[in-house]
Every structure is written in C-alpha cells, then in structure tokens.
Amino acid sequence: MLTFTPSQDERTIALKFDGTLTKEDALKLNEAISRKYEEDGSFNIFAEVGTVDLASIPDALRGGQFDMERLMAFDKVALMSEQNWLQFAEGLGMGGIARLKTRHFNPGEYEAAWEWLGEEQ
C-alpha cells in the first residue's frame, strides 16, 4: 500500500510503501509525479519502504501507464528501508537505476535523508 506523507521540501514527493502495490497506488503516484513535473520540471522523492510484495509490482506499473519521461525527471531519490533496494537492483542487472541520483538510508535516518535531498546538485 502506498501512502503520501508530509514533505519537508516543496520539491519533494514523500511517501511510504509497504506490502502490495496496486494499480490504484500506481495511478496515485503517477498523478503526484505528473503534478510535480508540470510545476517544476523536476522533483525529488523521499520513500520509506517496508516489506514489498515484488510479484505485485509489474502488474500495478503496467496498469498505471507511467509516463517514463516524467518518472525519470527526478533530481534525487532517497530510499529509507531495512533492505538496500539499490544493491538489490544491481544484483538483478539493473545497476543503471542505482547510478542515478539515489541513496539508501537506514530506518530512522530522517535528518540525513532530508539533508541529502536538500543539498545542491
């Protein structure tokens, strides 16, 4: 389930994800990204990630009809989770994702994550 959380920065979409990703979740995320893209042309993402039902992701993303140009218009993505999803992506041969402006933070490292997101490029 995807829920949006208060953001400490107007250029950053903050969210929590835990469990199964649904088509409705994907549509909500796509809408939020589209709004930020239209406002500023770029944005950051702060995502707290709990457990993930990996099998639910492909169907939800297909149903969400993401505009990949907008989806990839982010400046930075801070991922806070027990699992380092960037290492996981590299292990699946998706190392290009991990080389984008992404950084993993352990649970509770809110200050460090928001500080990194606020740093100039």
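Residues numbered from 1 in each chain as written. Predicted model: local features only at pLDDT ≥ 70, side-chain atom pairs only at ≥ 80, totals over all residues. Heavy atoms only, no water.

Pairing is mixed in the open sheet, where five strands are placed in the order β1-β2-β3-β4-β5. Across the chains shown, the open sheet's two edge strands, defined by having one partner strand only, are β1 (2–4) and β5 (102–105). Strand-to-strand twist across the sheet, computed as the mean angle between neighbouring axes with direction ignored, equals 20°. Bridge analysis of strand β2 (residues 12–19) against strand β3 (residues 43–52) gives seven bridges, and the strand direction is parallel. Opposite T12, over in β3, you have N44 as the bridge partner. Across the sheet, helix α1 (residues 23–40) touches β1, β2 and β3, and the angle it forms with β1 is around 35°. Together, β2, β3, β4 (74–81) and β5 form the strand contacts of helix α6 (residues 110–118), whose direction differs from that of β4 by roughly 170°. (Pairing = 2+ DSSP bridges. Helix = DSSP H or I, 4+ residues; strand = E, 2+ residues; numbered from the N terminus. Axes fitted to C-alpha atoms, helices over the stretch in contact; angles between N-to-C directions. Contact = heavy atoms within 4.5 Å.)

Moving on, we come to the confidence of the model for the protein. Taken as a whole, the protein shows an average pLDDT of 80; of its residues, 77% reach a score of 70 or greater. Looking over the protein, one finds the lowest element-wise mean pLDDT in helix α5 (residues 95–99), namely 46, and the highest in α6, namely 96. Predicted confidence for residues 91–99 stays below pLDDT 50, and this span has six contacts to residues more than four positions away or in other chains. (pLDDT = per-residue confidence, 0-100.)

What follows concerns the packing of aromatic side chains. Per the stated rule, a full pass over the model turns up three aromatic pairs. Taking the centre distance of 6.0 Å and the plane angle of 55° together, the rings of F105 and W116 count as tilted. Remark: W116 occurs in helix α6 and F105 occurs in strand β5; sequence separation between them is 11 residues. By relative accessible area, which is 2% here, F105 ends up buried. On the basis of relative accessibility, which here comes to 10%, the residue W116 falls in the buried class. By way of ring pairs, the aromatic residues F46, Y110 and W114 are connected into one cluster. A cation sits over an aromatic face here: K76 above W116, 4.7 Å from the ring centre. (Phe/Tyr/Trp six-rings, centres within 6.5 Å; stacked < 30°, edge-to-face > 60°. Buried < 20%, exposed > 50% of the residue type's maximum accessible area, 1.4 Å probe, protein only. Lys NZ or Arg CZ within 6 Å of the ring centre and 35° of its normal.)

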